[in-house]
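Close look at the chain arrangement
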Amino acid sequence: MATRQDVARLAGTSPSVVSYVVNNGPRSVAPATRARVLAAVRALDYRPNGVARSLRMRQTMTLGLVVPDAANPFFAELARALEDHAWAAGYTLLVGNSVDDAGREAGYLRTFLDRRVDGLVLIPSQGDRPWRAELARSGVARLVLDRELDGVAASHVLADNRGGAVEATLHLLSHGRRRVGCVAGPAGIHPTVDRVAGWRAAMAEAGLGDAPLLHGSFDRLAGYRSGLALLSRERRLDALFVTCDTQAAGVIRAASELGIRVPDDLALVAFDGIAAAAYTTPALSTMRQPFEELGRTAVRRLLAQVRDPGLAPTRDVLPVALLARGSCGCPDPAGGMP
């Protein structure tokens, strides 16, 4: 592997000048000398030592992200948006999958801290947080995304879960539905709590009593099982608000097996707006989260903390938007396309 000294010899200059060219400073270099150095870099396929550079600059130009379920399309799309904006800012994003396990989550956080990442983005898992004190002591810039996290001083970037659930439920009611049940995510985590609260608020606003509610994991199988259980015993249901798109795909399968037609017998609106939601039959009506803006805002807030560790934590709540498709009774775009 070529060294800085090799480049300097070929370019006819000093190793310090090579450093100034490669690092764009701190001193200026004459154009002709810069051209010779860059030609030597290309000829020798020279690559600077990233570890040494990080030690000098006290920055690794890396960010860490921990997600609760990498197999969930929502987290995959959110991670993609984060990666795009981190890359545009010159940072590499490292991703860890906690599989909703607090111990594995703690292991990834420690690994990222050991690797001296410049900042952490955490989408918390369910359960205990044994790493809270350790994270606070680390002093690393940190941001919580998608799910609120109590007891940790960190900036938050969230979607308007409650407001979106209100809008989704009111939209179902606008179709003349009156018995609107809810298939929800795990009890106790903030997206579920807020979305269920929004559903209940909309029902109360319409003067309607409590409707059936079932909790389960944010995945297709849980949605399928909840759909079978709820629709088998609650034949008067004419609509469902489902708290995530992946669950809704399972609910649609359950309804089909029970001979319940969507949207004729049962109207559905879900939450998240993942790309796959456009390809169910009928296409899924959903409250779309602003993936690009969530990623942009999270990276911007986190890098501001990297540059100025003294910044106070911030809290951004971004709006969601209804994508009305066939599952709620609205016209279904041809071919199920968005």
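Residues numbered from 1 in each chain as written. Predicted model: local features only at pLDDT ≥ 70, side-chain atom pairs only at ≥ 80, totals over all residues. Heavy atoms only, no water.

Let's shift gears to the side chain of S285. One can find S285 in strand β10 (residues 285–288). There is a polar contact of 2.7 Å between the side chain of S285 and the backbone nitrogen of R325. Discounting chain neighbours no more than four positions away, the residues touching S285 are L268, V269, A270, L323, A324, R325, G326, S327 and C328. (Helix = DSSP H or I, 4+ residues; strand = E, 2+ residues; numbered from the N terminus. Polar contact = N/O pair within 3.5 Å; in protein donor to acceptor, adjacent residues only side chain to side chain. Contact = heavy atoms within 4.5 Å.)

Burial analysis of strand β9 (residues 267–272) places six of its six residues in the buried class, the great majority of the element. In β9, alternate side chains face the same way, and those of A267, V269 and F271 on one face and L268, A270 and D272 on the other are all buried. One ladder, built from three bridges, connects strand β8 (residues 239–242) with β9; its direction is parallel. Each residue of the ladder has a partner; that of L240, found in β9, is L268. Regarding topology, helix α11 (residues 245–257) serves as the crossover connection from β8 to the parallel β9, and that connection is right-handed. Of the strand pairs in this sheet, β9 and β10 are connected by four bridges, and their pairing is parallel. Within β10, the position partnered with F271 by the bridge is M287. (Buried < 20%, exposed > 50% of the residue type's maximum accessible area, 1.4 Å probe, protein only. Pairing = 2+ DSSP bridges. Right-handed = clockwise from strand over helix to strand, strands pointing away.)

Moving on, we come to the pattern of salt bridges. Tallied over the entire structure, the rule returns 13 salt bridges. For D100, the salt bridge is made with R147, and the minimal N-O distance between the two is 3.9 Å. A residue pair is termed long-range when its members are at least 10 positions apart, and D100 in the loop between β2 (92–97) and α6 (102–114) and R147 in the loop between β4 (141–145) and β5 (155–159) qualify at 47 residues. Looking at D100, the relative accessible area reads 30%, which means it is partly exposed. Residue D265 pairs with R261 through a salt bridge whose shortest N-O separation is 3.0 Å. Judged by its relative accessible area of 49%, R261 falls in the partly exposed class. Three or more residues joined by partner-sharing salt bridges are found here, namely D100, D146 and R147. (Salt bridge = Lys/Arg side-chain N within 4 Å of Asp/Glu carboxyl O.)

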